[in-house]
Amino acid sequence: SWSQSPPPVAPVMAQMLLGMGNPLLDVSANVDDELLKKYDLKPNDAILAEDKHQPLYADLAAKSDVMYIAGGATQNSIRIAQWMSQRAGASAYMGCVG
């Protein structure tokens with residue numbers, strides 16, 4: 001037991017939000033109906049890729065408007081929390097793949 005009070009937490013650390021989760025990579029692009037049919041996809045939808053979608057990555061990477069967006073529920077939540085705080089360094093994220 002403490003005979004004294006524990007040392008104070010630094011003010012910055014006391015107000016920091018840390019998110020830990022599985023990082024994902026969202027891939028977004030404008031495509032035509034032919035590509036959607038080729039991979040059995042729906043317009044304006046999100047999927048978790050399966051083996052049948054492996055060739056889709058090369059098709060998307062060849063497009064000039066493809067966007068790679070860091071995602072995942074935790075990372076997206078931390079991004080919004082950081083924006084809402086309007087204070088540099090108010091949040092942090094960590095995760096791993098594999």
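I will try to describe carefully the structure that is included in this document. (Residues numbered from 1 in each chain as written. Predicted model: local features only at pLDDT ≥ 70, side-chain atom pairs only at ≥ 80, totals over all residues. Heavy atoms only, no water.)

With that out of the way, let us pick up the layout of surface pockets. Put simply, the largest pocket is a space of about 910 Å³. Along the wall of the largest pocket there are 25 residues; nearest its centre are Val-27, Ser-28, Asp-45, Ala-46 and Ile-47. Taken together, the elements giving at least two residues each to the lining of the largest pocket come down to strand 2 (24-28), helix 2 (33-38) and helix 3 (54-61). A per-element tally of the lining of the largest pocket places strand 2 first, with five residues. Considering only residue class, the lining of the largest pocket consists of 17 nonpolar, four polar and four charged. (1 Å grid on protein atoms, 1.4 Å probe; cavity = no way out; pocket = protein on both sides within 12 Å on 5 of 7 lines; lining within 4 Å. Points joined across faces, edges and corners; volume = space filled by probe spheres on them. Helix = DSSP H or I, 4+ residues; strand = E, 2+ residues; numbered from the N terminus. Nonpolar A, V, L, I, M, F, W, Y, C, P; charged D, E, K, R; others polar.)

Further remarks concern the side chain of His-53. With respect to the secondary-structure elements, His-53 resides in the loop between helix 2 and helix 3. You can call His-53 buried: its relative accessible area is 4%. (Buried < 20%, exposed > 50% of the residue type's maximum accessible area, 1.4 Å probe, protein only.)

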